[in-house]
Every structure is written in C-alpha cells, then in structure tokens.
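# Reading the structure
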Amino acid sequence: MAEAVAAVEEGATPLAGATWILRSPIRDEKLAGSYVAVSGLAELRAIETGDREIAIGAAVTHASLCAALNGSADCAALVQAAGAAANPAIRNVATIGGNLCAFSFAASDLAPALIALDAQAEIYGVSGPERKPIETFLAARAHLARGWLLTRLLVPRNGRISAHARLPLRKAGDYPVAIVSVSAKRSSDRTLRSVRIAVGSVEPVARRWPALERALEGRSLDPEEAAEAARERVGDFQGRDGVEAPGWYRMQVLPKLVRAAMCGVLAQA
Amino acid sequence: MSISLTINGETHATNRDPLTPLVDVLRDDLALTGAKAVCREGFCGACTVLMDGQPVVSCLLPIASAAGRDIRTVEALSDGGELSPLQKALEQHDVVQCGMCFPGMTVALTSFLASNPNPTREQVKQSLVGNICRCTGYERIIDAVLAHAQAMQGGG
Amino acid sequence: MDASAAVMNYPRRDARDKLSGRTRYTVDRSRPGMLHGAILRAQAAPARIVRLDVSAAEATPGVRAVITGRDAPGLHGIGVADQPLFAIDLIRHQAEPLAAVAADTMEIAKAALAAIRIETEPLPAAVTMEQALRPDAPLVHPDWTSYEVLFEGGGRSGNIAWEATVVRGDAEAAFSRPDVAIVESNFRIGRQNHLAFEPRAVIASYEDGRYHIETSTQVPWTVRNVTARVLQIPASSVRVTVPPVGGGFGLKFDCALEPFAALLARKSGRPVKLVNSRQEEMLTCLCRENAELRIRSAVTGDGEIVGREAVVLMDCGAYGGEQIFLTTMTAHTLLGNYRLGSVKLVSRAIYTHTAPNGAFRACNGVYNTFALERHTDEIAARIGMDPLAFRRRNVLGAGDLGATGQVFEGDALGPMLDRMAAVKASRPSRKAQAGRRLYGQATTVGTWFVFVGPSAATINLHSDGSASVITSGVEIGSGTMVQAVPQIVAAELGLRPEDVIVRAADTDAAGYDVGVGGGRTTVSLGAASRAAAIEVRRKLLAVASQMLQTPAEKLELRDGRIEIAGIRGSGTTIAKVAQRAQELLGPLSGVGAFTNSPVVSQPGCARGHFIEALEIPIFAVHDCEVAVEPETGHVEVLSYTVVQDVGRALNPRAIASQIQGGVAQGLGYALHEEITLDEQGRIRQTNLETYRVPLATDVVPVEIHLHEGAPSRGPLGAKGAGEVPILNVAATVGCAVARAIDRRVEQIPLTPPRVLAMILDKAPAVRLPHIAERWEDNVLPRPARKS
C-alpha cells in the first residue's frame, strides 16, 4: 500500500479494473504517463462486515460486491446499484474505486447509492488514512492535490433501509439518464426518519436533494406523496444536456424515480 | 518487462506494453481471432473471454491485469474441433447469421449457464445485456439456449 | 422439376466455424509482409486546403507509401460522377480522407499521419437541407455543371444533386373538388447507422501488374469498377475476392476503402491492410439518410384517395451516392400501397456539408412507409373511418395502377390484411400487460421490391457426384449463398444440398453481378444458378438416357440418383452418369444468366427515375401493440406480428431468422437509434455509448406468418425475404405510439425524451419552411420532354 501511495505521490495514476482508463482514446483523452496497478492489493479487495460498519475495498468489483453483500439489509441500494450498472462482463472487472474516481463519469450508479447510505470514503495519503463523507469526496475529488489513493468505502450499519432506482433509455445496458437512491431509518410506524435522498446523473456530480428530504422527513412513507413532493421541487436541479438526453428530461423523470425508490424502501419496511 | 499470460492452458510471454488490451495480443500475436474487437469500449461483448471462469471484455483488459489469471477464449470451447453442447444447440437451431457476435455471445452464455443451468427467458436476456447482435434480433438464440438448458436438465 | 424438392429447413454450413471463432473475416486475415494502412481524415468542414505537406510522413522510418489526391484523380458516383477518393482542394465533410499511409506497424502509420502538415481555410457551410436550399446557400459542389452524368433524366441544380418527379392524372382537379377533405402531414427523420459488426476492411496487393483486393463488401463488381475508375486503370486489372462478411445491411453496397489500399499496395510493393476503427465507421457510415417530407391527400368522405402530392427531401451528404438512385424509390413506397386517382411527387437528393449517406436495408422505403402510414391514419381520423377499414378499402390489388401507372398483378395486400385480422382474432390482446401505461395498437401495410439486375453462374458437375457453383455472390450473413442457392441447385440436379459447393466471390472466376442487397440474392443469383443447373441437368440426362436406354423425359433425378420415373432402384447414381459423361464429352458444366425484364409504366409520367415500375414487388403487413410510460416516455413493444409476402418460402426457418432480425433492427430505428449532427455538421454519436441499438432485453419474439403464392419471376416463385422485414416497423410502432399518446407522431426515433416531450406538449410541430406551399414551386423548371 505504501508503495502504491508513493507511486501515486510521484505522479502515477491508480489503475484498477481499467475499464474506464482503456477507453481514454475514444474520449480523446491521452493516457497518463504512468499507472500503478492497485487491484492486486489484498486490503483493497476485502469486504469486512463489522458491528458498526461495512468496509468495502476500493478494488472490489461490482460483481463481487453484489455476491458478498446480496441480502445485507444495510446495503440494499448499493447492491442494487452495483448489480444494475453497465453489463455483466464489465461488472466482473470494473471496481468500486475506479467508478468513483472516474471524475468525468456523471452516470455512476454507485455514487448516489453511497450518498444515500451515508457512506464515507477512506483516502490514504502520505500522512496515512483519512475519512471524508462520500458526498464531500465526490465534490472535491477532481481538485484534490496529487498523492492520494481511495482505499475503502465505509457504509454504516445503522438500521437504514434503502433502495435504488435508475432510468436507462433502453431496458438495461446503457448508462442511466437519471438515478434516485433513497434511504431512511427503519421505523415501526412507517414514517420516514433521517431520510436521505441522492440524485445521480442529472448533474455532473451526484448530490443529495435536501429540500425533498426536509419535505418528507417525518411523513408517512407514501410513494405517491413522495413523487408529488418531488414534482414540486425538480427545479432544484440543473439537468445536464447530453447527446443521449436533454437536461429537462433528466429532471422531468425524477418524480417517477422517487416513487420507484420509495416503493423499494416500502417493500423492506 | 515481460508479461506472462496463461491462455487456453498455455503460457505465453509477451513484451508488449502492460496497458495493451488483451484482445490485441490474442488476435495479433497468437492468431486467436475468435475474439472480435468491434467497439473497443465494453458495450458489444464481441471480444468476451473467460478470466478465471468469469466473462470479461478483452478489449478493456490490460495484459498486466490478465497476467497470472486463467484466460480461456472461444477457441477453447470447441477444443479438438468438437463443438460444445451449447454450440451444437446453436448450430442445430440455425440461429447464426453474420456470426461476428457469436464467439463473444457463446463465451458469455457458457459461463452464465454454468452458474444458472435452468434459467428463465428473462434471465438469459439479462445475461446478454453486454452482447450486441445486429443480425438476429436475439429471440431465436434465446429459444436455442432454453432448449439446450432443458435438454441438459433432462439428460441429467 | 418439382419445386417442393427445393423447400427445406436446411441449416447453414458456415455456422460451425462462426460459432467456434474459426471463421476468418477480412479483419481476421493477414498476408506475409503485410503493411498497415491508415487514413488522415479532415477534422472540420467545409474548408479549402491551402497546404498539404506529406514530406515528413514520407521521411518517417518504417513508412512505405504515402498517397494523396494526386494519386487518384478520377471521380465516381451513382448517376453523377461527383466524388473523388481524397478531398482535392475542397474538404466537403468531416472525416473526408486527405491522405493515406502504409507502414510496417500501425503505430508508425499513426505517427506518420500526425506528421502530415495541413493548412485549411474555413468556408461557409450548408449543414442542413434548409440551409442548402436557401437561394444564397454556399454550393457544396461549385463545379457541379462540369461533372459527368452517368444516367440521364434527373433534374440537377446547385445543391440539388438529383430531382425525380412523377405526375400522373389531374391532381389539380382532384384537390379542387368540393367533396374532398385535404389532409396534410409533415415529417422529419434522422439518420440510422448500420452498425455492421465487421467494419469496412480490405487487404490489397499488387502482383503481376494486377491488383488483388480481398475485401468485406456486398458488391465485388462495384469495387472492381470504381477502383478502376478512380485509379484510371483498366477494370480488368482489378481482381476482387470476398471472404465471409461480418454484416452489411447495405453499408457495404458501395466501394469504400478498397482504392486506398490498392494504391498503397502498388506504391509500396507490399500487401496493405486497411481497417476502419469503430470511430471512423461512425463518422463515415453511409447512413440511411435523414429526410424531410410533406405529403398531402385529397380524400372523399367514403375514403377514396383522388389525389396525392408529396415533396421529399433526402440528405445525400457531401456526395450524391445512393441517394441519387433512391429518389426513384420514393414513388414506389411513399406513393405505394394504395390506389391513387392522381399523383404529383417530387423527390430530391440534396447536397449538404455532411458525411455522405448510403444504402441501408429497405433504404428510404422504411421512412417513406412510416410517413405514408402515419399520414394514412391522419386521413382516416379526419374522415372518421376506421384506419384498418380505410386500408382494406384502398390497398392495391390485381389490375390496380401504381404510382407510375404500372398495372399490378395479383392480390397480395388484401388477403394479407385478412390473414392478419384472422391471426389477431385468434388470440387475446396484450392490453392488460400495459397496466397503467398508455396502450396503442396499429396494423400497417408496406410495399418494397426486388432490385433484380444481372447475375451470372457457372456450375461444374464433378465425377464424384458433387457440384460446384461459381458466382460473384457474397455471404453477408443472410444465408442465401449457403442455403437458398445450394438448395435450388441440388433440387434441380437431384443432389443433396451438402453436395453442392458454393465458391466464394471472385471477379476473376465469375461473371458480372450487381451485388448482394436489395433482396435480390435469392432471386437473381438463385435464378442464374438454376439456369446453369438446368443446362447441366440437360446434358446429364442425355448421357443417362443412353446408359439407361430410356428417353430423358422418363427419367427423374433425386437423392443422388437418376431413376426411370416411378421405379426406385431402376437407374444409377448421378456420379456414375457424370463419370460416363466426362469420358464421352469431357467434364459437365453449365452456365446461367439472369437479369431484369422491362415492366411497363405509364409513358411520360416519371422523370429522373432509374426504375419506372416494380418488376417484383414485395408486400408486408405488420401489427404491433405498445405500452407507453406516461412519466418517462418509454415505449415497450408488447407484441409484434408479421405477415410477409415471400412468393415461395424455400427455407422457412431461415426466413423467420431474417424477419426476427429485420424487425429488431426496425425497432432500433423506430425507438432508439439516431445519428444527429451538430451545428458544424459533425456526427454527434461516435460510439456505442450514445448510439443505442436494441439489446436482448429490448426485443420481443415476432409472430411470423408467411404469405405464399403472390406472383414472382424469381426461381421457383421465390422473392427476397431478408430486406423487407424492416420495412414497416417504424410505421407500425409510430402509428401505435401516436394512438397510445393521442399525439401526431411526426418524427422517429421515438426515444423516451421525444415521446415525453410530445406527451407534455413540449414538442413543437415539424415545420418545413424550405418546402414551398405550392407543389410546383418545389420542382426545377425543365424543358418539355421530347416525345
């Protein structure tokens, strides 16, 4: 690990599954001068379920995350996200860390799922490991000074139930044009407590939807009401225009995704 | 720096750049042209190979990452010239057209059926989300796969 | 011969190697000493080339040849010779070739391209057809008047590359009748990329003063002739051979990379391989063209169409290419299907500063059928008639006049509509599956044709009882060369299809052929092969007659034997007769040829048309049910049913494969696939992330019914079955979605954003200000035709 960080410090780019980096020529991006392969580091490939949190190594692939955490009540949205991303062959290779470190990739499924789950990113720099809330990391990652390595993602085990809803333009196999991940504390009366709602792919970087969270906090879990509340607030986002979909469309479909995610939460409640 | 690759049970050393996609070594250096580099970005699946039994796209797999792993290409599925039972089913159902996608499709389906011997139609379709076919419209391939799976179940 | 002997579900002989990865497509091949070629393509267009300096590339170690426009002065084209191999002086579209190199490795070739110095001056652009048709528009071809015209009769002027018109009957009178409703519809259609899995690829060498081109093409003879034309060499000095082709769909119905590779091979003295990258394929794909249409009909209250006029603008891109020919097909498709009292049509191919378009499975028939069927639904709604009843009342039947005045033979569409109705009555609707989504259903009709044209075949019957067929036919995946052709020949000669060898295309070995496309392979190559087989059969029977002491007409050929009619075991094997023939006469062979025969249209009504009447029309009836998600605009196809006119089905299972595949490609066109251009005329979808074709989860099993018995000049009454399945998919889905969402569907593809915009009434109606209100104002003034 220390060697890898030293290499990164000297300017090497971390290389994990490589599925994003090997597509650089197609994006008209130059390959970096040097890469350091991090997929071989055992500590980056481990998934540890502790009493308080689940620690997922950054070099864990989407497929192995699904296999290891399928059925884990604490990670439902994350498992759904990892299991639906891209396609089976890519999920076998593409890593969690690679996905989160592809700065220009707006349609990450994992990013909103991790935000909704209130996860933290562990970053290993020359001074050792440091933790940041995932949303902070995502917003800052492109501007961090060189010499860090994303090592683990930490999902708290605090009795949250969660669900992930995504909208590809086909049934599957393309990047979703909008994503909503939702989590809430389990409650006996089906009211929403500590609700967290994250939106991905609509803007360049995934983020929470604070106004909708406030509006739903303490209300009973009614997917239709949640969709209605979302409809009133889609203006909170500035949808990005892309070749595949215009910005307005990404915003317009959010109520539907909120309803779908809330139905997913309801199914677990 | 030499990289050692294990392909279809044989070891090959290569001096290519570690970031070279595996598909280029397979096709250009080893004459294993079954894997096709159609899109080079992981959407079409025509270059799918098995790495330690799991399907991966060889266009996005640097040879450095393939080193020390067990790589099997489509050529290994019909070792000795004998088609695998799945390949035979696809041949008998006459589902091939231009054929460019079939090596990747066959590799992906082989791995899928190994872990899902009795799949539903929808599961087969989901397993092919990373394998584009431009000729066939898929459904007759899926008919053949389901008939094959059923025959294998029946045959024990 | 009993035609049923040729009918069977004979499996493909090439499946085994294709499944096991052993088939060597052109991209998989190499030759000793082979160099790697690469093409320098223009970044921006239009522009004037101020300086092109290749000296640094030539000086790069490992570079063996560099070529530019100076090496290839000839112009080629369809109808008009307007296209050079390289941009010379003018760059007309993004990615147009500027220079090419051949080097020891691809890395060296790419480095050499990077070393080429190019200076250009930007020029004013006409990116859209609206821009190109402005009176002050910059001309894509300032020298258009100097071009050689290869086919007479089309209108041409400035950015109007070709204009074809049809005028039949008195449309003016029809439109001014007091008892008619006038219905007008406008449509705008995007481009579609074939996405053939094997890119265009070639290996060329120069040996003994001749070029050998091994290439992934549908048209070996076009490659031979166009290469000769642009290199200004005799066509006989070019030999074209074709390995298995990894998908064509019309993309490879034109000469492509071959002349570049041929030139590089001659200059370097080494074999040269040239393969398009996927990005090059996306940027230079000869797409199904974008188009804009206005169609207007005068219809009586009881549903008689007394007049129809239409203006169709087809974007040919920077060079005319296939679109010049395709102006012809508008008459037979947009003005097809239905009886029309009078007709006024103008179909124009327009030059723009964008990548050239080309041929794609059923070509403009696909969007013309979409436009016609949507327009038909709008007419039915306006006059308050059930859309299906309106179609049933008006579809063309025996003795009816087509758009250009040809008289149609036989009833096909009527009985096919009846069959579809019976199929639908026999099963429940899928409406319940739509749930809370919006449900729509539509039945549409379509008319396409067989692009007949010349084909040649030679058959050698060997003394071991096997036969080999030599043609210029190419196996592109449709199966004709490995199924229908051996089936036809085997049935004629009494052999098993597996005893019939079909040689891969080689222009040195076989006679001229138009190419594999246009639904013509089974018809033209099948008929030529059958004619050759009939000659062999005649010779064989003459010898057998002597051997068996029985008149030839009392002999039968089957199962590899020649028997006295009705007496099994009475005769001998075909091998023995072939051996005897070889001793007496020398080896047995036969030659066959086939071409189109003229079909009469009404004299004087069509101008600028390459084909004035359809020799072998093909009809299709499609039905689908859809569910539309009102919150996202996602369209799910719930069921899809096809009744297709096949003449005679020689291999029903292979035809079913073509229909399932063609419908899937049509679903892509209708729902997902669109190539768009930015303001600089650059293609925006440059990879498979943004160009979305249907995946396994996006298709449904197509319910298929083959309609047999409609007249056909094809062998044993067969028609082409592979091209037409895509014809009315966009029409059917478009009509079903329009009914589901109760909006005018004027554009395809019906992507979720487009559908949602319509549902939310955020989609502006298609307006075509560059199409003049009066039909006559959309037609070039032309001197009266000489009678």
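Residues numbered from 1 in each chain as written. Chains lettered and ligands numbered in written order. Predicted model: local features only at pLDDT ≥ 70, side-chain atom pairs only at ≥ 80, totals over all residues. Heavy atoms only, no water.

## Observations concerning the overall build of chain B
Basically, it comes down to this: Only runs of H or I of at least four residues qualify as helices and only runs of E of at least two qualify as strands under DSSP, and these elements are numbered from the N terminus. What the globule rule says is 2.2 Å times the number of residues to the power 0.38, and the radius of gyration is computed from C-alpha atoms. Note on exposure labels: buried denotes an accessible area under 20% of the residue type's maximum, exposed denotes more than 50%, and partly exposed covers the range between, all computed with a 1.4 Å probe on protein chains only. Only heavy atoms enter the contact rule, under which two residues are in contact if any of them lie within 4.5 Å. Here the Shrake-Rupley method, with its probe set to 1.4 Å, supplies the accessible areas, and only the displayed protein chains count as covering residues. Working convention for charge: Lys and Arg count positive, Asp and Glu count negative, and His plus the chain ends are omitted. Where a charge sits is defined by one atom per residue type, namely NZ (Lys), CZ (Arg), CG (Asp) or CD (Glu).
What chain B contains, in helices and strands, is seven helices and five strands. In chain B, the succession of helices and strands from N to C terminus is β-β-α-β-β-α-β-α-α-α-α-α. Taken against the 2.2 N^0.38 rule, which gives 15 Å for 156 residues, the C-alpha radius of gyration of chain B at 16 Å falls within 12% of a compact globule. The principal-axis extent of the C-alpha atoms belonging to chain B is close to 50 × 30 × 25 Å. A total of 156 residues make up chain B; the buried ones form 61% of that total. For chain B, restricting intrachain contacts to residue pairs at least 6 apart in sequence, the fraction spanning at least 24 positions comes to 53%. In the form shown here, chain B has an accessible surface area of approximately 5,400 Å², with 49% of it arising from carbon and sulfur atoms. A distance of 5 Å separates the average location of the 11 positive side-chain charges in chain B from that of its 16 negative side-chain charges.

## Brief notes about the overall build of chain A
Helix and strand counts for chain A come out as eleven helices and eleven strands. In terms of overall size, chain A behaves like a compact globule, its C-alpha atoms giving a radius of gyration of 18 Å where 269 residues would be expected to give roughly 18 Å. By principal-axis analysis of the C-alpha atoms, chain A measures approximately 50 × 45 × 30 Å. When contacts within chain A are restricted to residue pairs at least 6 apart in sequence, long-range pairs at least 24 apart make up 61% of them. With 31 positive and 28 negative side-chain charges, chain A shows a separation of 3 Å between the mean positions of the two kinds.

## Quick notes on the pairing of strand S13 (residues 180-189) of chain C
All names here are of chain C. Our working rule: By definition, two strands form a pair when at least two bridges between them are found by DSSP.
Burial of S13 is extensive: seven of the ten residues sit out of reach of the surface. For S13 and strand S18 (residues 291-300), the ladder comprises ten bridges, and the chain directions are antiparallel. From the neighbouring strand, Val180 faces S18, where its bridge partner is Thr300. Strand direction decides the pairing type here: S13 and strand S33 (residues 747-748), joined by two bridges, are parallel. In the sheet register, Arg188 faces S33, and the bridge partner there is Gln747.

## Describing the domain arrangement of chain B
All names here are of chain B. Heads up, the rule is: Note that the domain bounds reflect an automated or database-derived domain assignment. Buried surface area refers to the total accessible area, computed with a probe of radius 1.4 Å, that the two partners give up upon joining, counted for both partners together. Each reported salt bridge corresponds to a side-chain nitrogen of Lys or Arg within 4 Å of a carboxyl oxygen of Asp or Glu. Here a polar contact is recorded for every N or O atom pair within 3.5 Å, except that within protein the pair must consist of a potential hydrogen donor and a potential acceptor, and residues adjacent in sequence are included only if both atoms are side-chain atoms. Ten residues, namely Ala, Val, Leu, Ile, Met, Phe, Trp, Tyr, Cys and Pro, are considered nonpolar, four, namely Asp, Glu, Lys and Arg, are considered charged, and the remaining ones, Gly among them, are considered polar.
With domains assigned, chain B is organised as domain 1 (3-77) and domain 2 (80-154). Domain 1 and domain 2 are separated by 21 Å when their C-alpha centres are compared. Taken together, the 15 residues of domain 1 in the interface contact 14 residues of domain 2. Interface of domain 1 and domain 2: buried area, both sides summed, is about 1,100 Å²; carbon and sulfur atoms make up 67% of it. Seen at the junction of domain 1 and domain 2, the total is zero salt bridges. Across the contact surface, domain 1 and domain 2 share three residue pairs in polar contact (both at pLDDT 80 or more). Only strand S3 (48-51), strand S4 (54-57) and helix H3 (74-77) provide two or more residues apiece to the side of domain 1 that touches domain 2. In terms of residue count, the dominant contributor to the side of domain 1 that touches domain 2 is S3 (three residues). Residues of the side of domain 1 that touches domain 2, tallied by class, amount to nine nonpolar, five polar and one charged.

## Here's the deal with the pattern of salt bridges
Scanning all chains against the criterion turns up 91 salt bridges over all chains. Two residues, C:Glu631 and A:Arg259, come together in a salt bridge whose shortest N-O distance is 2.6 Å. With C:Glu631 in the loop between strand S30 (617-628) and strand S31 (635-647) and A:Arg259 in helix H11 (residues 254-268), this pair bridges two chains. In this structure, C:Asp645 and C:Lys719 form a salt bridge, with 2.6 Å as the shortest nitrogen-oxygen distance. One end of the pair, C:Asp645, is in strand S31; the other, C:Lys719, is in the loop between strand S32 (702-708) and helix H18 (729-741), and 74 residues separate them in sequence. C:Lys719 gets classed as buried once you look at its relative accessible area, which sits at 4%. Within the structure, one salt-bridge network assembled from shared partners comprises C:Glu184, C:Arg294, C:Arg296, C:Glu309, C:Lys344, C:Glu773, C:Arg774, C:Glu776 and C:Asp777.

## Describing the environment of C:Ala174
Residue and element names in this part refer to chain C. Position of Ala174 among the secondary structure elements: in helix H5 (residues 171-175). Among the residues examined, Ala174 registers a relative accessible area of 5% and is labelled buried. Distance from Ala174 to Ser342, taken between C-alpha atoms, is 7.2 Å for residues 168 residues apart in sequence. Other than its neighbours up to four places away in sequence, Ala174 contacts Val180, Ala298, Val306, Gly307 and Ser342.

## Details of the interface of chain B and chain C
Taken together, the 47 residues of chain B in the interface contact 52 residues of chain C. Roughly 4,000 Å² of surface becomes buried between chain B and chain C when both sides are summed, with 56% attributable to carbon and sulfur atoms. Inspection of the region where chain B meets chain C yields three salt bridges. With a closest N to O distance of 2.6 Å, B:Lys36 and C:Asp28 form a salt bridge. Applying the counting rule to chain B against chain C returns 33 residue pairs in polar contact (both at pLDDT 80 or more). Residues belonging to the side of chain B that touches chain C are distributed by class as follows: 21 nonpolar, 13 polar and 13 charged.

## Some details on the side chain of C:His634
In this fold, C:His634 is placed in the loop between S30 and S31. Only 3.4 Å separates the side chain of C:His634 from the backbone oxygen of A:Leu169, close enough to count as a polar contact. Apart from residues lying up to four places away in sequence, C:His634 is in contact with A:Leu167, A:Pro168, A:Leu169, A:Tyr249, C:Ala627, C:Val628, C:Glu629 and C:Pro752.

## Thoughts on the domain arrangement of chain A
All names here are of chain A. Split into domains, chain A comes out as domain 1 (2-156) and domain 2 (162-268). When domain 1 packs against domain 2, close to 1,900 Å² is buried across both sides, 56% of that on carbon and sulfur atoms. Contact with domain 2 buries surface across domain 1, with Ala106, Pro112 and Ala116 losing the most and accounting together for 26% of the total. On the surface where domain 1 and domain 2 come into contact, there are two salt bridges. A salt bridge links Arg166 to Asp109; the shortest N-O distance between them is 2.9 Å.

## Regarding the sheet that holds strand S9 (residues 178-185) of chain A
All names here are of chain A. Keep this limit in mind: Only the stretch in contact is used when fitting a helix axis, every axis being a line fitted to C-alpha atoms; angles between N-to-C directions are given from 0 to 180 degrees.
Taken together, the four strands give an open sheet; going across it, the order is S8-S9-S10-S11, and neighbouring strands pair in antiparallel fashion. Of all the strands in the sheet, just strand S8 (160-167) and strand S11 (207-208) have a single pairing partner and so form its edges. Inspection of the sheet shows S8 paired to S9 by eight bridges, in the antiparallel sense. Looking at S9, one finds that Ala165 is bridged to Val180. Where H11 meets the sheet, its contacts fall on S8, S9 and strand S10 (193-200), and the angle it forms with S8 comes to roughly 145°.

## With respect to the sheet that holds strand S22 (residues 455-461) of chain C
Residue and element names in this part refer to chain C. If you trace the four strands from one edge of the open sheet to the other, you get S24-S23-S22-S28, paired in mixed fashion. A single partner strand is all that each edge strand has here, and the edge strands are strand S24 (500-502) and strand S28 (588-594). Across the sheet, the axes of successive neighbouring strands diverge by a mean angle of 20°, strand direction being ignored. With four bridges joining them, S22 and strand S23 (residues 467-470) adopt antiparallel strand pairing. Paired with Leu461 across the bridge in S23 is Ala467. Running over the sheet, helix H15 (residues 521-548) touches S22, S23 and S28 and is turned about 145° from S28.

## Looking at the packing of aromatic side chains
For clarity, the cut-off: Aromatic rings from Phe, Tyr and Trp, with only the six-membered ring used for Trp, were paired whenever their centres fell within 6.5 Å, and each pair was classed as stacked if the ring planes differed by under 30 degrees, edge-to-face if by over 60, and tilted otherwise. We call a charge positioned over a ring when the NZ of a Lys or the CZ of an Arg lies within 6 Å of the ring centre and within 35 degrees of the ring normal.
With the rule as written, the count across this model stands at 19 aromatic pairs over all chains. Their ring planes at 70° and their centres at 5.6 Å tell us that C:Trp221 and C:Tyr512 sit as a pair that is edge-to-face. Highlighted residues: C:Trp221 in helix H6 (residues 220-231) and C:Tyr512 in the loop between S24 and H15, separated in sequence by 291 residues. Residue classification places C:Tyr512 among the partly exposed residues on the basis of a relative accessible area of 38%. Taken together, a centroid distance of 6.3 Å and an interplanar angle of 55° make the contact between C:Phe408 and C:Phe619 tilted. One end of the pair, C:Phe408, is in the loop between helix H11 (387-394) and helix H12 (413-425); the other, C:Phe619, is in strand S30, with 211 residues separating them in the sequence. A single burial state applies to C:Phe408 and to C:Phe619, both of which are buried. Seen from the ring of A:Trp20, A:Arg27 lies directly overhead, with NZ or CZ sitting 3.9 Å from the centre. Cation over ring: C:Arg288 sits above C:Phe360, and NZ or CZ is 4.3 Å from the ring centre.

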